[in-house]
Amino acid sequence: MWKRLAKFVLNNRLFLLILLFAVTAVMAFFASKIKLSYEFSKAIPVDNPKYQDYLSFKSKFGDDGNVLVVGIQTDQFFELKTFEAFRQLNNELKKVPHVEDVLSVSNAVNLSKDIITQKLIANQVFANSIHTQEQMDSSRRVFYSLPFYKSLLYNPATNAYLMLVRINKDILNSKGRTKVINDIISPINHFSAATKVQTHISGLPLIRTEVADRIAREMKWFIIGSLVLSALILLFMFRSVKTSLLSLLVVIIGVVWSVALIQLFGYKITLLTALIPPLVVVIGIPNCIYFLNKYHSTYKKTGNKEQSLIDMVSKMGIVTLFCNITAAIGLAVFALTQSAILKEFGEVAGLSIMLIFVISFILLPGALSYMAVPEKKQLKYLEVKFFTNLLLRIERWVFNHKKFVYVFTIVIIIFSFLGILKLKTEGFIVDDLPKTDKIYTDLKFFEKNFHGVMPLEIIIDTKKRFGLAGARALPVLVKMDSLATYIKGQKEMNRPLSIAEGIKFVKQGFYGGDSSDYALPNSFDAAFVGDYLRPQKESDGKNNLSKLLTSFIDTARESTRMSINMADVGTEKLPIILAGIRKETNHLFDSSKYKITLTGSTITFLEGSTFIINGLKDSLLWAFLFITLCMLYLFKSVRILVCSLIPNIIPLIVTAGIMGWAGVRLKPSTVLIFSLALGIAIDVTIRFLVNYNQELPEHNFNIKKTVSETIKHTGLSILYTSLVLIAGFIIFCFSGFGGTQSLGWLTSITLFTATLTNLILLPVLLIDITKK
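Residues numbered from 1 in each chain as written. Predicted model: local features only at pLDDT ≥ 70, side-chain atom pairs only at ≥ 80, totals over all residues. Heavy atoms only, no water.

A. Representation of the overall build of the protein in the model. Counting its secondary structure elements, the protein contains 25 helices and eleven strands. Reported as C-alpha extents along the three principal axes, the dimensions of the protein are approximately 110 × 45 × 45 Å. Of all 772 residues assigned to the protein, the portion counted as buried reaches 58%. Of the contacts made within the protein by residues no fewer than 6 positions apart, 79% connect residues no fewer than 24 positions apart. (Helix = DSSP H or I, 4+ residues; strand = E, 2+ residues; numbered from the N terminus. Buried < 20%, exposed > 50% of the residue type's maximum accessible area, 1.4 Å probe, protein only. Contact = heavy atoms within 4.5 Å.)

B. Up close: helix α17 (residues 499–510). Along its twelve residues, α17 runs 16 Å from first to last C-alpha, staying within 8% of the 16 Å computed at 1.5 Å per residue. Within α17, the full set of buried residues consists of Ile499, Ala500, Glu501, Gly502, Ile503, Lys504, Phe505, Val506, Lys507, Gln508, Gly509 and Phe510. Just beyond α17, the residue with positive phi is Gly512, at close to 105 degrees. (Expected span 1.5 Å × (residues − 1).)

C. Geometry of a nonpolar patch on the surface. Among the surface-exposed residues, Leu336, Trp622, Leu625, Leu629, Leu632, Val638, Val642 and Ile646 lie close enough to one another that they form a single nonpolar patch of about 660 Å² accessible area. Secondary structure elements with two or more residues in the nonpolar patch: α21 (601–635) and α22 (638–662). Looking at the secondary structure, you find Leu629 in helix α21. (Patch = residues over 30% accessible without salt bridge, like charges linked within 9 Å, V, L, I, M, F, W, Y side chains within 5 Å. Areas by Shrake-Rupley, 256 points an atom, 1.4 Å probe, with all protein chains shown as cover. Salt bridge = Lys/Arg side-chain N within 4 Å of Asp/Glu carboxyl O.)

D. Examining the packing of aromatic side chains more closely. Summed over the entire model, instances satisfying the criterion amount to 34 aromatic pairs. Geometrically, the ring pair formed by Phe29 and Phe30 is edge-to-face, given 5.5 Å between the ring centres and 70 degrees between the ring planes. Phe29 sits in the partly exposed class, given a relative accessible area of 45%. Among the residues examined, Phe30 registers a relative accessible area of 28% and is labelled partly exposed. Aromatic pair Phe86 and Phe191: ring centres 6.1 Å apart, planes at 70 degrees, arrangement edge-to-face. Linking Phe86 in helix α4 (residues 80–95) with Phe191 in helix α7 (residues 177–195), this pair joins segments that are 105 residues apart in sequence. Just as Phe86 is buried, Phe191 falls in that class too. Positioned above the aromatic ring of Phe552, the side-chain terminus of Arg561 is 4.9 Å from the ring centre. Its end group placed over the ring of Tyr633, Lys636 keeps NZ or CZ at 4.6 Å from the ring centre. (Phe/Tyr/Trp six-rings, centres within 6.5 Å; stacked < 30°, edge-to-face > 60°. Lys NZ or Arg CZ within 6 Å of the ring centre and 35° of its normal.)

E. Structural context of the sheet that holds strand β9 (residues 497–498). Taken in spatial order, the four strands make up an open sheet running β9-β10-β8-β11, and their pairing is antiparallel. A single partner strand is all that each edge strand has here, and the edge strands are β9 and β11 (595–599). Two strands pair when backbone bridges link them, and strand β8 (residues 454–461) and strand β10 (residues 559–566) are joined in this way by eight bridges, in the antiparallel orientation. Of the residues in β10, the one forming a bridge with Pro455 is Asn565. (Pairing = 2+ DSSP bridges.)

F. Expanded view of the pattern of salt bridges. One pass over the structure, following the stated rule, counts 15 salt bridges. Notably, a salt bridge pairs Lys402 with Asp768, separated by 3.1 Å at the nearest N-O pair. Taken as a pair, Lys402 in helix α14 (residues 402–420) and Asp768 in helix α25 (residues 738–769) lie far apart in primary sequence, 366 residues in all. Judged by its relative accessible area of 24%, Asp768 falls in the partly exposed class.

G. Structural context of the nonpolar core. Counting residues in hydrophobic clusters, the biggest one holds 252 residues, and the most contacted among them are Val165, Ile184 and Ile458. The dominant element in this core, judged by the number of residues it contributes, is helix α12 (residues 340–370), at 16 residues. Residue contacts for Val165: discarding those within four places in its chain leaves Asn66, Val67, Leu68, Val70, Leu93, Val99, Asp101, Val102 and Ile184. (Core = buried A, V, L, I, M, F, W, Y, C linked by side-chain atoms within 4.5 Å.)

H. Quick peek at unusual backbone geometry. One non-glycine residue, Asn159, lies in positive phi territory at about 55 degrees. Of note in the backbone geometry, Arg557 takes a positive phi value of approximately 55 degrees without being a glycine. With respect to the helices, strands and loops of the structure, Arg557 is situated in the loop between α19 (546–552) and β10. Looking at Arg557, the relative accessible area reads 10%, which means it is buried.

I. Looking closely at the packing of helix α13 (residues 385–400) against helix α24 (residues 703–730). Viewed as axis vectors pointing N to C, α13 and α24 meet at an angle of 140 degrees, and their least axial separation amounts to 10 Å. Relative to α24, α13 is oriented oblique. In the crossing of α13 with α24, the sense of the turn from one axis to the other is right-handed. On α24, the residues that touch Phe387, Leu390, Leu391, Leu392, Ile394, Glu395, Val398 and Phe399 of α13 are Lys704, Val707, Ser708, Ile711, Lys712, Gly715, Leu716, Leu719 and Tyr720. Across the contact of α13 with α24, the residue classes break down as twelve nonpolar, two polar and three charged. (Axes fitted to C-alpha atoms, helices over the stretch in contact; angles between N-to-C directions. Parallel < 35°, antiparallel > 145°, perpendicular 65-115°, else oblique. Left-handed = near helix turned anticlockwise from the far one by under 90°. Nonpolar A, V, L, I, M, F, W, Y, C, P; charged D, E, K, R; others polar.)

J. Region of the structure containing the side chain of Ser139. Tracing the chain through its elements places Ser139 in helix α5 (residues 133–144). Setting aside anything within four residues of it in sequence, one finds Ser139 in contact with Val125, Phe126 and Ile130.

K. Main features of the environment of Ser56. Its place among the elements puts Ser56 in helix α3 (residues 49–61). We classify Ser56 as partly exposed; its relative accessible area is 33%. Considered as a pair, Ser56 and His98 are 42 residues apart in the sequence and their alpha carbons are 24 Å apart.

L. Looking closely at α4. The terminal C-alpha atoms of α4 lie 23 Å apart, and with 16 residues this matches the ideal 22 Å at 1.5 Å per residue to within 8%. All buried positions along α4 are accounted for by Thr82, Phe83, Ala85, Phe86, Arg87, Leu89, Asn90 and Leu93. Against the buried residues of α4 lie β1 (67–73), β2 (99–104), α5, β6 (160–167) and α7.

M. Spotlight on the packing of helix α20 (residues 574–588) against α21. Here α20 crosses α21 at 130 degrees, and the two axes come no closer than 11 Å. Between α20 and α21, the angle falls in the class oblique. In this structure, α20 crosses over α21, and the sense of that crossing is left-handed. Counting all contacts with α20, which are made through Leu574, Pro575 and Leu578, the residues of α21 involved are Thr602, Ile603 and Leu606. Among the residues forming the contact of α20 with α21, the class breakdown is five nonpolar, one polar and no charged.

As structure tokens, then:
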């Protein structure tokens, strides 16, 4: 069958090559349309109840992740020069396109009662023109008498001050968000340079934009880096520019096809899908090495170019096919998980790996048939003394030190299991950024001074239309105030912003502005509350709480929200905090009268991380199942199956142990390591065992002789391909994301361990287990 396929490819080479390049041109068109993804919630299945709660919240109250925060810390804030510079920054940010509103100390308002109309009017705390420090000090005292702004816009204990910038949610979901963020950052940097006051910037708009932009930049550099590194290794190995360029052409076409597939599937570039093009390069190059190594070794023996090409395709076709199948399985199994972002990665990555086989199967024999025969210098790598001596030493270890191999393997496994006991499962929203990165350090500034900026929402549903209108809202407000007191007592969370705080502010203004009146109205103030909580008609004009009502109470006056900014506490601690809030709400709100929902970007991140981590377990089980079936089909022997799985399970155990000892946590960005490494490492096993099966009849089924010849003949290509794979994954160590760095060095360690187990332990097992 494979000989017929080889002859078909060679006889129809021109047509197949033209077809290949035509399809590549079409794929290049679709690849040019690719877009970046700015979503954090895609890790959750769309039918997940918590994701549905989040969508319901956004439909009622709008997006919770469109506020960017700017912070400074100085004891000279209320000096005239500094304050005016801060006010100017406020005004400049308002002028930035797509900025909807800016709230800061400089435009804070105070509420006072009009004696004639008995209505509240809003007055700026700080006049538009302040000429003396005495005026500034007077306004400052008024501002400090307004508890509403405490912890929301300033922290008196640390002299830290905030500016909240609300950005249009539609622009944040488009490629125009980068320009908006840069337009905001520019005047902030100008302010910092003019005043010598350090500024800190955070919030989901900034984090999402910066992460997405870095992903795009890294994807380009990873592709370039992996191509350059592969080119250098190929040049060192084959000593031929043409052969190296041909191999690079194979993977470049594979990269174009993989990016096009992302677009054709309707997906966007995420932190995971950005890894697919470099992975195609890393996995595609060994395909070329397998084929070219067989072509060169056969040509060296026979001197017949056509026969060498037929042998290359017929004998290496099945090996390379199954190597790609197992590698694709290691990636495609993520499509069977419940996480949307893992599904996308699994579908595209699995198909891309299979397509790289098709590309190499058509392009390599077709192009080589038009090229000149290999020169002697191009075949020298087949007899490199260093690798030849290394393989001879490995052979001696296999035959003369079997007991030591077993004992050393057991010791390593025990050491690894002790490390696994230390392995933790925990993720953070900015977990993958270096601790010295400005995004990370700025986030910690806000956590230290304002308890954080990560949004958490509590929805109180009264289950009645107009259940929050007029005096009927009083009991709800009292309960909300009690819940706010509990939340304020948690060190990881800031004081909640809610309609209750707005009503307190209104009452303070209504009764003359004394800070002692910053409290909820009592039963005697029912009529007063009614003026601000009854449904408004369009013709009534907007009162001072109209904006607050719009964003904190739904149009049916049935539900209200409590918005909390909290620290990025991680997936281990967050459930404990949420359980405490849930316990308090159950105590305060009767479930027969109220429905309490906890939601927001923080909740969706936690839920998404849980799905991704659980996806690791599912993907590993599916990978083992499918790879086991492939190995049974390929070798049709339970003994061979056992021999093949053991050398590939051990590297995974070693990797998990190293993660435990090194303190690398299981998190969304590191879950790829195990099934990815399993899918790639099993390639070495297939390569060894297929050659072993082919050599066995030639040596009268003498197992020891066959093992010896297999190590010599197959070991060289295994060493070269392992070198390329390890070097390819080391590229990821230069990433700016911690998870991607871990993926790089941990996968490299896994592949290095797998190379050793397949060249040393696998032959030992073959000798001892398959004695007949």
